[in-house]
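Structure at a glance
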Amino acid sequence: MKKYQSVKIIVNTHKKYWMPHSKMYIPMQVGAALDKDKDGNPKDLGYQKDNEGDNISEKNPLYCELTGLYWAWKNLDADYIGLCHYRRYFGGFRSSRNPKGRILLRRELQPMLGKYRVFLPTKRHYVIESLYSHYQHTHYIEHLYVTRGIISQMYPEYIETYDKVLRQTSGHMFNMMIMDRELLNEYCTWLFNILEELEKKIDVRHMSHFQGRYCGRVSEIIFNVWLDYQIETGRIDRSEVKILPYVYMEKIDWVKKISKFLRAKIFHEKYEV
């Protein structure tokens, strides 16, 4: 095992925002292929753009932060590669009232590299809902039916795990992870093969922009399918997975969040077929 393990973590954003002063973090302007300023010119935030090199930047309305993950997978050279968000980071082991003081630092992560192969955020718990019912009540359940069909054809060995995960009431969400290069390559190959097929089978013409981001949302769920299958089959040992807290950079406006959820739910119920 290498004594020094290199690591790069992209920080996905669509606007100018505070960024950590660390070479470990790469601010990533996602959807750069489509992002224009008021004069119609390509918007430049001064960050790495996801439309350079091998990329799928133009798919950002469907894929959300995954256009950043794809760019990192195809263009970064590091032993570990990770993804977080401009308003949501992995947390370190320091206490601070300022969220900037709790963001994971390189010196905290370094001793764990090599020992752990996968770093994940704390699970999100839905308590009275399963991953399936939460998606059903918020989005179009067709997405999960179609995804299941694709997996049954492309990766049938995952179907039992898929059904089990959908019945669970918690999961690792946000598409946040830090993984060693070998596992990341395996996961991204699996994930983007599935999503490419999903794109072909879902009609977005009747969907709002919010609902049209289905590839990014489905991926949050099926990441848990991929991970659980790796553990069940022994590809990854449970001892090689490290759970880290996550840090919100802003206070959550629950009124706004619930209002947005209800509007999406009403739209979903109105146009569901």
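Residues numbered from 1 in each chain as written. Predicted model: local features only at pLDDT ≥ 70, side-chain atom pairs only at ≥ 80, totals over all residues. Heavy atoms only, no water.

In the annotation of an unreviewed UniProt entry, the entry for the protein reads DUF4422 domain-containing protein, and the organism field reads Butyrivibrio fibrisolvens.

**Notes on helix H7 (residues 181-201)**
Our working rule: Think of it this way: any DSSP run of H or I at least four residues long counts as a helix, any run of E at least two long counts as a strand, and we number them from the N terminus. Take the residue count of a helix, subtract one, and multiply by 1.5 Å to get its expected span. The classification of residues rests on relative accessible area computed with a 1.4 Å probe and restricted to protein chains. Under 20% of the type maximum is buried, over 50% is exposed, and intermediate values are partly exposed.
When the terminal C-alpha atoms of H7 are compared, their 30 Å separation across 21 residues agrees well with the 30 Å that a helix rising 1.5 Å per residue should span. Within the sequence span of H7, burial applies to Leu183, Leu184, Tyr187, Cys188, Trp190, Leu191, Phe192, Ile194, Leu195 and Leu198.

**Notes on helix H5 (residues 142-154)**
Convention followed: Summarising the geometry, the arc corresponds to the directions from the helix axis toward the C-beta atoms.
For H5, spanning 13 residues, the distance from its first C-alpha to its last is 18 Å, which sits close to the expected 18 Å at 1.5 Å a residue. Among all positions in H5, only His143, Leu144, Val146, Thr147, Ile150 and Ile151 are buried. With its buried residues spanning 160° around the axis, H5 presents them on a single face.

**Describing the pairing of strand S6 (residues 118-121)**
What counts is decided by this rule: In this description, strands pair whenever DSSP reports at least two bridges between them.
Burial of the side chains of S6 extends over both faces: Val118 and Leu120 are buried on one face and Phe119 and Pro121 on the other. Relative to strand S9 (residues 177-180), S6 runs antiparallel, the two sharing two bridges. By the bridge assignment for S9, Phe119 is matched with Ile178. Pairing analysis gives four bridges linking S6 to strand S10 (residues 241-244), with the strands arranged parallel. Along S10, the bridge assignment pairs Pro121 with Leu244.

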